[in-house]
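Tertiary structure, described
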Amino acid sequence: MRRKIFSKLLNWKNTTSDRMPLLLYGARQVGKTYMMKALGTECFKYTIYINFEADEKIREFFQTDIHADTIINIIEKYYHLPVIPAETLIIFDEIQMCERALTSLKYFTEEAPEYHVLAAGSLLGVALNRENFSFPVGKVQMLTMYPMDFEEYLWAKGKDLLADTIRENFKANRQMPEALHHEAMQEYYNYCIIGGMPAAVLADVVTNPTVNQREIRQMILDSYVADMAKYALAGETVKIYAAYDSLPVQLAKDSKKFQYKLIKQGARASQYGTSIDWLIKAGIVNKCTKCTQGYLPSSAYQDLTAFKLYYSDMGILSARTNMTVDRLLSSESEHFRGIFAENYVACALKNLGHELFYWESDGISEVDFLITTGNHVIPVECKAGEHVKAKSLSVYREKYKPEYAIRISGKNFGMVDGIRAIPLYAVFCMDTM
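Described in the following lines is the structure provided in the data block. (Residues numbered from 1 in each chain as written. Predicted model: local features only at pLDDT ≥ 70, side-chain atom pairs only at ≥ 80, totals over all residues. Heavy atoms only, no water.)

Looking now at a nonpolar patch on the surface. On the surface, Met1, Leu202, Val205 and Val206 cluster together into a nonpolar patch covering about 280 Å² of accessible area. Relative to the helices and strands, Val206 resides in the loop between helix H10 (198-205) and helix H11 (213-231). By relative accessible area, Val206 is classed as partly exposed at 36%. (Patch = residues over 30% accessible without salt bridge, like charges linked within 9 Å, V, L, I, M, F, W, Y side chains within 5 Å. Areas by Shrake-Rupley, 256 points an atom, 1.4 Å probe, with all protein chains shown as cover. Salt bridge = Lys/Arg side-chain N within 4 Å of Asp/Glu carboxyl O. Helix = DSSP H or I, 4+ residues; strand = E, 2+ residues; numbered from the N terminus. Buried < 20%, exposed > 50% of the residue type's maximum accessible area, 1.4 Å probe, protein only.)

Another point: the packing of aromatic side chains. Evaluated as defined, the whole model comprises 25 aromatic pairs. Measuring from centroid to centroid gives 5.5 Å for Phe61 and Tyr78, while their planes differ by 75 degrees, and the two rings are edge-to-face. Pair noted here: Phe61 is in helix H3 (residues 56-61) and Tyr78 is in helix H4 (residues 68-79), with a separation of 17 residues, a long-range link. The interplanar angle of 25 degrees and the centroid separation of 6.0 Å between the aromatic rings of Phe150 and Tyr153 together place this pair among those described as stacked. Remark: Tyr153 and Phe150 occur in helix H7 (residues 150-156); sequence separation between them is three residues, near one turn of the helix. Each member of the pair Phe150 and Tyr153 is classed as buried. Ring-pair connections join several aromatic residues into one group, and the members of that group are Phe150, Tyr153, Tyr188, Tyr189, Tyr191, Tyr344 and Phe428. When the ring centre of Tyr358 is taken as reference, the NZ or CZ atom of Lys308 above it lies at 4.3 Å. (Phe/Tyr/Trp six-rings, centres within 6.5 Å; stacked < 30°, edge-to-face > 60°. Lys NZ or Arg CZ within 6 Å of the ring centre and 35° of its normal.)

The next subject is the environment of Ile95. Note on placement: Ile95 falls in the loop between strand S3 (88-93) and helix H5 (99-111). Residue classification places Ile95 among the buried residues on the basis of a relative accessible area of 0%. Between the C-alpha atom of Ile95 and that of Leu123, which follows or precedes it by 28 residues, the distance is 10.0 Å. With near-sequence residues (within four places) excluded, Ile95 lies in contact with Leu23, Phe52, Ala101, Leu102, Leu105, Ala119, Ala120, Gly121 and Leu124. (Contact = heavy atoms within 4.5 Å.)

As for its position among the elements, Glu236 is in the loop between H11 and helix H12 (237-245). Classification of Glu236 by relative accessible area gives buried; the value is 14%. With residues up to four places along the chain from it excluded, the contact list for Glu236 reads Thr274 and Ser275.

So, about the nonpolar core. One recurring pattern in soluble globular proteins: nonpolar side chains tend to sit buried together. Counting 109 residues, the largest nonpolar core has Ile166, Tyr188, Tyr244, Trp278 and Tyr425 as the members making the most contacts within it. Residues within four places of Tyr425 in sequence aside, it is in contact with Phe150, Ile166, Met176, His181, Ala184, Met185, Tyr188, Tyr344, Asn412 and Phe413. Within the second largest apolar cluster, 29 residues are counted, among which are Phe62, Phe92, Ile95 and Ala119. (Core = buried A, V, L, I, M, F, W, Y, C linked by side-chain atoms within 4.5 Å.)

For the structure shown, the criterion picks out 21 salt bridges. One salt bridge in this structure joins Lys159 and Glu183, with 3.0 Å as the shortest N-O distance. Taken as a pair, Lys159 in the loop between H7 and helix H8 (160-172) and Glu183 in helix H9 (residues 178-194) lie far apart in primary sequence, 24 residues in all. Lys159 gets classed as partly exposed once you look at its relative accessible area, which sits at 22%. Of the residues examined, Glu183 reaches a relative accessible area of 29% and is grouped as partly exposed. Three or more residues are tied together by salt bridges with common partners; here these are Lys4, Asp149, Glu151, Arg167 and Asp431.

Quick look at the sheet that holds strand S4 (residues 116-120) now. Read from one edge of the open sheet, five strands run S2-S3-S4-S1-S5, paired in parallel fashion. Edge positions in the sheet fall to strand S2 (46-51) and strand S5 (141-144), since each has one partner strand and no second. Pairs of neighbouring strands in the sheet enclose a mean axial angle of 20 degrees, with direction left out of account. (Pairing = 2+ DSSP bridges. Axes fitted to C-alpha atoms, helices over the stretch in contact; angles between N-to-C directions.)

The next subject is the side chain of Glu94. Examined against the element boundaries, Glu94 turns out to sit in the loop between S3 and H5. Buried charged residue Glu94 carries no salt bridge. Nearest counter-charge: Arg28, at 4.2 Å. Here Gln96 takes part through its side chain, which lies 2.7 Å from a polar atom of the side chain of Glu94. Ignoring sequence-local partners within four residues, the contact set of Glu94 consists of Arg28, Asn51, Phe52, Glu53, Ala120, Gly121 and Ser122. (Lys, Arg positive; Asp, Glu negative; His and termini not counted. Polar contact = N/O pair within 3.5 Å; in protein donor to acceptor, adjacent residues only side chain to side chain.)

With seven of nine residues buried, strand S9 (residues 365-373) is to be regarded as a mostly interior element. Where strand S8 (residues 357-361) meets S9, four bridges bridge the pair, whose relative direction is antiparallel. Residue Phe357 lies in a different strand from S9, and its bridge partner there is Leu370. Between S8 and S9, which pair antiparallel and follow one another directly, the connecting turn spans three residues, one of which, Asp362, has a positive phi of 55 degrees. Where S9 lies against strand S10 (residues 376-382), five bridges are found, and the strand directions are antiparallel. Bridge pairing links Thr373 to His376 in S10.

These values are about where atoms sit, not about what they do.
What follows is the structure, given as structure tokens:
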């Protein structure tokens, strides 16, 4: 399936000077392996694919000399393929299972930059035992891969024209024709359930899949839970799962600020702070930190004790809450439509490269997100439907006088009184702001 990250992989491939190995971050099942192999197939004569989780023997070869020439000599003989500059792509997959392989990347930078080495791994942020092996800081290029965004989802469904029309109308700030607006909103609701994991999207697109998308989403959710036991430190697994398991309750509160007491009575940050950091580093959740002021830079005005946690993929959220499109659109789920909309916007903004912040004033007024565009901090309000009146955005605008504000909702494009209306399905277009 068509992914935006492929162009970034091409840019790395075509770098002619000072190229370093590329380390691809991302949660499990976001499509890292598929994209690495696709790059090899389309752009190289040879691809040597090394999976350190599946092949224990190859891990043994990295326990001694890990200089570039030694590694190249080993893998040429082991895989019976030549390693030729500009013609061979070397892929180190599941590299967290062989920390010496991770360390070896610095030697490719220092001794053999002419070779293309692409590495990836799930849970890299939590699986590495840095007491034994150092991370090659400054010796690798790093790139994070996220689940498919809504535009990529439309591409997968063969709705390129709809995606292009959304972009055209976003750029012109012109209303979508009503029929297309309705179609795009319906696809947005579908995406809220299916999410952006490629396997789930593919199962939804193909006819008569071997495993349906609902089962795939549940399998991915189960694999995340299994990873907590596999990669977490002894004694930490139960706390990580308890924090993760509390997310639906956290999001269901009117104030979505993370509350430790919702994990269990008497829980404190000192007990669960490390567990929450694990979930963030694993890419399973996205953290949105409170800002006390609407000035640049937002990071300078963080209140590190106040934050929200969102699921990093909509399909995992729907699997965890057992939500379907019909249930989401029912009158009984109006509150949860708001939860899904806010989580969706958090995922979309993260995918666009924004650090997630929200603003709160004295526990009275709250703006869902703050984003930086140019030299401006722009408040972003999120609504699930077309009823968009809210006091908090007015309070923020009165206090900080932003150039404009953004309201993401079920309404069509428009601009009224300095508030730019962006439909929920068009958040991916905000990469051009």
